[in-house]
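Structure assessment
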Amino acid sequence: MVRRSGPVSLAYSLGIGLWALTITSLHSSAHAQSADLVLCDRLAADPADPDKPPDVKGTGDIAQSDVATAIKFCKIASAASRRAVYQLGRAYAANRQFPEAISAYRKAADRGSTTAMVELGVLATGSGVPKDQAEARKLFERAAAAGNPRGATNLAALAIDGGTPSDPVMARALLSRAAGTNSAKAQYQLGLMIADGIGGPKDDASARALFEKAAAQNHPGALERMGAFARDGRGGPQDSDAAKAYYERAAALGNEDAKAALKRAECRYVIKDKRGNFVANLCF
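Residues numbered from 1 in each chain as written. Predicted model: local features only at pLDDT ≥ 70, side-chain atom pairs only at ≥ 80, totals over all residues. Heavy atoms only, no water.

**Here we look at unusual backbone geometry**
The test is simple: Here a strand is any run of E in DSSP of at least two residues, a helix any run of H or I of at least four, and the numbering for each starts at the N terminus. Note on exposure labels: buried denotes an accessible area under 20% of the residue type's maximum, exposed denotes more than 50%, and partly exposed covers the range between, all computed with a 1.4 Å probe on protein chains only.
Of note, R96 is a non-glycine position whose phi angle comes to about 60 degrees, a positive value. With respect to the secondary-structure elements, R96 resides in the loop between α3 (82–94) and α4 (98–110). The exposed category is assigned to R96, whose relative accessible area is 64%. One non-glycine residue, N182, adopts positive backbone phi at about 70 degrees. Assignment of secondary structure puts N182 in the loop between α8 (168–179) and α9 (184–196).

**Re helix α13 (residues 256–266)**
Under the convention used in this document: Each C-beta atom gives one direction from the helix axis, and the arc is the one those directions make. Should any heavy atoms of two residues lie within 4.5 Å, those residues are considered in contact. Here a polar contact means two N or O atoms within 3.5 Å. Within protein one must be a hydrogen donor candidate and the other an acceptor candidate, and residues neighboring in sequence count only if both atoms are side-chain atoms.
Among the residues of α13, those classed as buried are A258, A261 and L262. One side of α13 holds all its buried residues, which, seen down the axis, span an arc of 100 degrees. α13 presents E256 and D257 as exposed residues on the side facing more than 90 degrees away from its buried surface. Buried residues along α13 sit against α11 (220–232) and α12 (240–252). Sitting at the head of α13, N255 places a side-chain oxygen 3.1 Å from the backbone nitrogen of D257.

**Section: the packing of aromatic side chains**
Just so we agree on the cut-off: Centres within 6.5 Å are what make two rings of Phe, Tyr or Trp a pair, Trp counting through its six-membered ring; a difference in plane orientation under 30 degrees is then read as stacked, over 60 as edge-to-face, and the rest as tilted.
For the structure on display, the rule yields 3 aromatic pairs. Between Y188 and F211, the ring centres sit 6.1 Å apart and the planes meet at 50 degrees, which makes this aromatic pair tilted. In this pair, Y188 sits in helix α9 while F211 sits in helix α10 (residues 204–215), placing the two residues 23 residues apart along the sequence. Look at F211 and you get buried, because its relative accessible area is 0%. Judged by centre distance (5.4 Å) and plane angle (80 degrees), the ring pair of F211 and F229 falls under edge-to-face. In this pair, F211 is assigned in helix α10 and F229 in helix α11, connecting sequence segments 18 residues apart. Residue F229 is classed as buried on the basis of its relative accessible area of 1%. Counting every residue linked through ring pairs, the aromatic cluster contains Y188, F211 and F229.

**Thoughts on the nonpolar core**
Keep this limit in mind: Buried Ala, Val, Leu, Ile, Met, Phe, Trp, Tyr and Cys residues form a nonpolar core when they are joined through side-chain atoms within 4.5 Å.
Membership of the largest hydrophobic core comes to 65 residues, with the highest contact counts inside it found for Y105 and L175. Looking at this core element by element, the count peaks at 7 residues for α9. Beyond its immediate chain neighbours, meaning those up to four positions away, Y105 contacts Y86, G89, R90, A93, A116, E119, L120 and L123.

**Topic: α11**
For the record, the criterion: For a helix, the expected span equals 1.5 Å multiplied by the residue count minus one.
If you check α11, its first and last C-alpha atoms are 19 Å apart, about what 13 residues at 1.5 Å a residue would give, namely 18 Å. Taken together, the buried positions of α11 are occupied by G221, A222, L223, E224, M226, G227, A228, F229 and A230. Check the buried side of α11 and you find it contacts α9, α10, α12 and α13. In the segment just after α11, G233 is the residue with positive phi, at about 75 degrees.

**Concerning the environment of A209**
Tracing the chain through its elements places A209 in helix α10. By relative accessible area, which is 37% here, A209 ends up partly exposed. Counting along the chain gives 21 residues from A209 to Y188, while the straight-line C-alpha distance between them is 9.9 Å.

**So, the packing of α9 against α11**
What counts, and what does not: All axes are obtained by fitting lines to C-alpha atoms, using only the stretch in contact for helices, and the reported angles, taken between N-to-C directions, cover 0 to 180 degrees. Working rule for handedness: look at the near helix, and if it is turned counterclockwise from the far one by less than a right angle, call the crossing left-handed; if clockwise, right-handed.
Put simply, α9 and α11 touch, their axes get as near as 10 Å, and they point 35 degrees apart. You can see that α9 and α11 cross each other, and the crossing is left-handed. Together, Y188, L192 and A195 of α9 and G221, A222, R225 and F229 of α11 make up the contact between the two elements.

**Looking at the pattern of salt bridges**
Note the following rule: Salt-bridge detection follows one rule: a side-chain nitrogen of Lys or Arg within 4 Å of a carboxyl oxygen of Asp or Glu.
Tallied over the entire structure, the rule returns 7 salt bridges. A salt bridge links R82 to D51, with the nearest nitrogen and oxygen atoms 2.7 Å apart. One end of the pair, R82, is in helix α3; the other, D51, is in the loop between α1 (6–44) and α2 (67–77), and 31 residues separate them in sequence. Overall, the relative accessible area of 23% leaves D51 in the partly exposed class. Across the salt bridge formed by R231 and D232, the nearest N and O atoms sit 2.9 Å from each other.

Treat this as a map of the structure, not an account of what it does.
Set out below in structure tokens:
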């Protein structure tokens with residue numbers, strides 16, 4: 001058995017102690033950084049952000065009582081995290097500090113955040129900054145091309161709302177890609193394009209299948225369209241009971257077209273003038 005002398009043993013022990021202290025220090029530093037990001041995520045993560053880890057729930061709207069804390073910790077975490085830069089922008093926006101929010105969104109977008117691109121595009125439609133539809137379209141196209149579903153749906157919405165004309169073939173292709181991620185909004189908008197034959201062939205059966213997928217996620221517009229398709233037998237069997245059930249679900253979510261359809265179903269008799277124009281429905 002070999003025995004170490006006192007000085008050597010002391011030096012050896014000190015070496016082990018210093019090594020352990022160094023590891024502990026590094027671990028504490030890493031832990032401190034991750035703690036900032038954890039708090040930033042907890043208060044300001046966007047549920048629809050592809051950068052968000054699966055175990056982070058996210059919040060649709062940052063609580064006003066959490067804004068100052070979110071800004072503090074997201075600002076610290078933003079030095080090492082693209083996601084935190086975007087979330088810092090969300091916190092600033094929640095506090096109505098729009099210049100700071102735009103600056104953070106631009107930094108995040110420059111680092112590849114597709115959700116930041118979408119938010120900048122939304123702002124460019126006139127929400128908080130001067131309206132610039134062309135810039136909004138470019139940002140949505142960048143986000144959509146990178147696979148962000150909101151980029152694709154917002155791009156399609158620009159054309160639907162009469163904004164800057166978009167290539168319908170490209171919009172349909174981008175929506176198809178986004179619909180593949182199970183985005184209810186993308187499935188609904190793609191269904192509308194396919195039902196009307198915009199950007200490609202018309203196909204009622206495919207449109208109905210997309211509406212059905214979106215309706216399963218309680219998308220109000222898709223529920224209303226499923227009601228109409230089931231009522232008329234478009235793209236599948238005619239089913240008055242199913243149509244009524246779809247309309248009722250859509251109406252419960254606030255869809256005005258579904259409410260009107262239910263009202264028409266209750267008041268089947270129509271009064272018209274001499275020219276054949278609608279005057280009123282009779283209810284019994």
